[in-house]
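One letter stands for each residue in the lines below.
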Amino acid sequence: YLPMFIMEDPPKHDEQRKVVQPMFTPQNLADLEPVIRERAGQILDELPRGETFNWVREVSVELTGRTLATLFNVPQEDRHKLIHWSDTVERIGDPEYFETPEDAFKELWNCWEYFDGVWKDRLENPGSDLISMLAHGESTKNMPPNEYLGNMLLLIVGGNDTTRNSITGGVLALNQHQDEYRKLKDNPDVIPNMVSEIIRWQSPVAHMCRTAMEDVEVRGKTIRKGDKVAMWYVSGNRDDEKIDRANEFLIDREGARHHLSFGFGIHRCIGNRVGEMQLRILWEEIMKRFSNVEVVAEPKYLRSNFIRGITELPVVVHAK
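Residues numbered from 1 in each chain as written. Predicted model: local features only at pLDDT ≥ 70, side-chain atom pairs only at ≥ 80, totals over all residues. Heavy atoms only, no water.

(A) Local environment of the packing of helix 3 (residues 55-72) against helix 11 (residues 272-289). Relative orientation of the contacting elements helix 3 and helix 11 amounts to 130°, with a least axis distance of 11 Å. In terms of axis orientation, helix 3 runs oblique to helix 11. In terms of crossing hand, the pair formed by helix 3 and helix 11 is right-handed. Mapping the contact onto sequence places Trp-55, Val-59, Leu-63, Thr-64 and Thr-67 in helix 3 and Val-274, Gln-278, Leu-282 and Ile-286 in helix 11. Grouping the amino acids of the contact of helix 3 with helix 11 by side-chain chemistry returns six nonpolar, three polar and no charged. (Axes fitted to C-alpha atoms, helices over the stretch in contact; angles between N-to-C directions. Helix = DSSP H or I, 4+ residues; strand = E, 2+ residues; numbered from the N terminus. Parallel < 35°, antiparallel > 145°, perpendicular 65-115°, else oblique. Left-handed = near helix turned anticlockwise from the far one by under 90°. Contact = heavy atoms within 4.5 Å. Nonpolar A, V, L, I, M, F, W, Y, C, P; charged D, E, K, R; others polar.)

(B) The pattern of salt bridges, seen in detail. Applying the stated criterion across every chain yields a total of 35 salt bridges. A salt bridge links Arg-79 to Glu-62, with the shortest nitrogen-to-oxygen separation between them at 3.0 Å. Residue Arg-79 is located in helix 4 (residues 79-90), and its partner Glu-62 is located in helix 3; the two are separated by 17 residues in the primary sequence. Grouping residues by exposure puts Arg-79 and Glu-62 together as buried. The residue Glu-90 makes a salt bridge to Arg-164 at a minimum N-O spacing of 3.7 Å. Taken together, the positions of Glu-90 in helix 4 and Arg-164 in helix 7 (residues 145-176) put the pair 74 residues apart, joining distant regions of the chain. Each member of the pair, Glu-90 as well as Arg-164, carries the same accessibility label: buried. (Salt bridge = Lys/Arg side-chain N within 4 Å of Asp/Glu carboxyl O. Buried < 20%, exposed > 50% of the residue type's maximum accessible area, 1.4 Å probe, protein only.)

(C) How the structure looks around the packing of aromatic side chains. One pass over the structure, following the stated rule, counts eight aromatic pairs. Relative to Tyr-114, the ring of Trp-85 has its centre 5.6 Å away and its plane inclined at 55°; by these criteria the two rings are tilted. One end of the pair, Trp-85, is in helix 4; the other, Tyr-114, is in helix 5 (residues 101-124), and 29 residues separate them in sequence. The pair Trp-85 / Tyr-114 is uniform in exposure class, with both members buried. (Phe/Tyr/Trp six-rings, centres within 6.5 Å; stacked < 30°, edge-to-face > 60°.)

(D) Broad picture of the side chain of Thr-163. When you line up the elements, Thr-163 lands in helix 7. Classification of Thr-163 by relative accessible area gives buried; the value is 7%. If we ignore the near neighbours within four places in the chain, the residues touching Thr-163 are Thr-64, Gly-275 and Gln-278.

(E) Quick peek at the sheet that holds strand 1 (residues 53-54). On the basis of which strands lie adjacent, the open sheet formed by three strands has the order 1-9-6 and antiparallel pairing. Because the sheet does not close on itself, it has two edges, and the strands there are strand 1 and strand 6 (290-295). Pairing of strand 6 with strand 9 (residues 314-319), which is carried by five bridges, proceeds in the antiparallel orientation. The residue bridging Val-295 from the neighbouring strand is Val-315, located in strand 9. Against the sheet, helix 7 contacts strand 6 and strand 9, and its axis sits at roughly 90° relative to strand 6. (Pairing = 2+ DSSP bridges.)

This is a description of form; function is not addressed.
Laid out in structure tokens, this is it:
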């Protein structure tokens, strides 16, 4: 069992969330923007021209992995470990990767060992990174190992899987909706709005479970206190009572930010602005360089009912 603050109620949830919240202030995001832009440019400039490659590995994972390593202030070459542990969480139940869930958890304890070393370093050499915040925060500094691992995995998966699958899902959606891709080419100023529409369309986290705190009736169904409730974000994001033309991908959609992909209420995604910023910057840099990012074969999807993930997206990029 790996406790993490997304599974906690107030006051514990609020106290632990508050510890890492300062990482995501407008000032910190402004400082991060040029770093992300420089990296996005490097990643795109190094892509092979005129030959097929897997967009997920070469772009989506690269950008989010580098950003994550920066937020944790660990060496950039260790980003591959972060991506590996993120993949491990996604694949706990996939027999192609792990014979048993126990095998996967053994791998995740390597994650704890790694970050235990980082923690000890930050006790001596505190900085302004997420691990320093956890190591010195009143409500997090005495976490037992399983809770520290749980919260690390929450930050890793939250910071990697969601954004990387939106980066990939956006390329796929634009290829499947060529009219929208033309709109983007005609008017790149639509990018910030398009980012919200991509995140709605992809809904990278399909659902989350919560426990009802009191009896409540929803559309004639009684949910009892103590019942487990699965909230399907992917369904809410296609709710045509709330979203006009909900089953259409429209990059200039009015009110595009009104989606559920980041959750809602006290558990709303803490890093949502970092995710949006990475997508926005990446698309701004793509549009400077490429006339087309062309999907040339069928995508491969993650075997998961929790993360709506894409593992392979074969593309060819065409320079401007």
